[in-house]
Amino acid sequence: MKKDFLALSEWSATELENIFSLCRDLKNKTKAGVPHPLLQGQTLAMIFEKSSTRTRISFEVGMFQLGGHALFLHSGTTQMGRGEPIKDTARVLAGYCDAIMIRTYAQAAVEELAQWAKIPVINGLTDMYHPCQIMADLFTVSEHRSNYRDLVYCWIGDGNNMANSWINAAAVFGFELRVATPKGYEPNAAVLARAEAVGAKIFLTHDPQEAARGAHVLNTDVWASMGQEAEQQLREKAFVGYQLNEQLLGLAAADALVMHCLPAHRGEEITDAVIEGPHAVIFAQAENRLHIQKAIMATLMRDKACS
Ligand code: CP
Ligand code: NVA
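Residues numbered from 1 in each chain as written. Chains lettered and ligands numbered in written order. Predicted model: local features only at pLDDT ≥ 70, side-chain atom pairs only at ≥ 80, totals over all residues. Heavy atoms only, no water.

1. Concerning the overall build of the protein chain
Put simply, the test is: To qualify as a helix, a DSSP run of H or I must reach at least 4 residues; to qualify as a strand, a run of E must reach at least 2; elements of each kind are numbered from the N terminus. Radius of gyration: over C-alpha atoms. The globule rule applied is 2.2 Å multiplied by the number of residues raised to the 0.38 power. Only protein chains enter the accessibility calculation, which uses a 1.4 Å probe. A residue is then buried if its area is under 20% of the maximum for its type, exposed if over 50%, and partly exposed in between. Working rule for contacts: check all heavy atoms of both residues, and any pair within 4.5 Å makes them a contact. For the area figures, the Shrake-Rupley method with a 1.4 Å probe applies, and any residue is considered shielded solely by the protein chains shown.
Scanning the protein chain for helices and strands turns up 12 helices and 9 strands. Taken over the C-alpha trace, the protein chain has a radius of gyration of 19 Å; the compact-globule value for 307 residues is 19 Å, and the two agree within 12%. For the protein chain, the C-alpha atoms occupy an extent of roughly 55 × 45 × 35 Å along the three principal directions. Here the protein chain holds 307 residues, and the buried ones make up 54% of them. A separation of at least 24 residues holds for 75% of the contacts in the protein chain among residues at least 6 apart in sequence. Carbon and sulfur atoms make up 53% of the accessible area of the protein chain, which amounts to about 13000 Å² in all.

2. As for the site of ligand 1
To be explicit about the condition: A single heavy atom is enough: if one lies within 4 Å of a molecule or strand, its residue is considered near that molecule or strand. Counting of polar contacts relies on pairs of N or O atoms within 3.5 Å, with two restrictions inside protein: one atom must be capable of donating a hydrogen and the other of accepting it, and residues adjacent in sequence are counted only when both atoms are side-chain atoms. Put plainly, a pocket is an open set of points on a 1 Å grid over the protein atoms alone with protein on both sides within 12 Å along at least five of seven lines, a cavity is a set where a 1.4 Å probe fits but cannot get out, and a lining residue has an atom within 4 Å of a point. Being in a pocket or cavity means that more than half of the molecule's atoms lie within 2 Å of its grid points.
Taken together, Ser 52, Thr 53, Arg 54, Thr 55, Arg 103, His 130, Gln 133, Cys 261, Leu 262 and Arg 289 form the complete shell of residues around ligand 1. Within the backbone of Thr 53, a nitrogen or oxygen atom sits 2.7 Å from an oxygen atom of ligand 1. Here a nitrogen atom of ligand 1 and a backbone polar atom of Cys 261 are 2.9 Å apart. For ligand 1, the accessible surface in isolation is 260 Å², of which the surrounding protein chains cover 95%. Assessed atom by atom at 2 Å from the grid points, ligand 1 resides in the largest pocket.

3. Some details on unusual backbone geometry
The omega torsion across Leu 262 and Pro 263 is 5 degrees, close enough to zero to call that bond cis. Along the polypeptide, Pro 263 turns up in the loop between β9 (257-260) and α11 (272-275). Although it is not a glycine, Leu 125 sits at a positive phi angle of roughly 120 degrees. Its identity as a non-glycine residue notwithstanding, Leu 262 has a phi of 65 degrees, on the positive side. Note that Leu 262 resides in the loop between β9 and α11.

Written out as structure tokens, the structure reads:
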């Protein structure tokens, strides 16, 4: 049966660690110039309803390196933008392609696409989740810290799609996650409740210093996500005090890692000094999007390539 990659909560720790192992192997092969055409002749449809640099390029280059082909489909230049139903698009694309990656607004839209498409669907970001990014992030931590499942992670800022996905990751892998947001900007309540129901160690606070104290991994993201541009000024006021700066970093573990999925608004949620400082692994995260994307696609699609 086909499997989709819509949310980390739908995967087990063992399955995700298998993806990390494959990622490590594919990264080594890429660095050594060893070909790895696991998806020769296959095509990935990439639907974008929001902007992207990293996601588009890593999937497109990744598919090329796997011996396949990626189609960039901006919804505005297809019939989707004119209202063709998702369930129709899903069946049409499944007749031409081998998998679909979609970046859109509603998680329900991605779920509907997956329900109607007979081919695997990958969530390339919704308002609710960004699972591929968290996979690249955790893989990056694992490259720096072999005990990545035993570390204390903290999230500073908006309770957005990234925060929700970190909550799912904490539930799957069992690590402690502290989430500091302003009042009214907490993560999704249903995501939290599901994580807590399976015993996840999640601590919510409105105090960034409490979250950062002694933490091993500090994470943040923009204060206004894609689709929230009109709230930028309001959010700038609400998030005063939630900047990941050297002072906050000074409270964390001495060897703490700093992460940001990018794009960043330097001087807002994070300072230039922290991005460029010795704790940041931000550009390693970005590079690892390529390797993790390939591992995710190969995991979902290679059975078909072999059959
Ligand atoms: N981090 C991330 O998904 O970046 P893009 O929006 O550039 O794809
Ligand atoms: N939270 C951000 C992540 C961008 C990769 C957004 O949704 O815009």
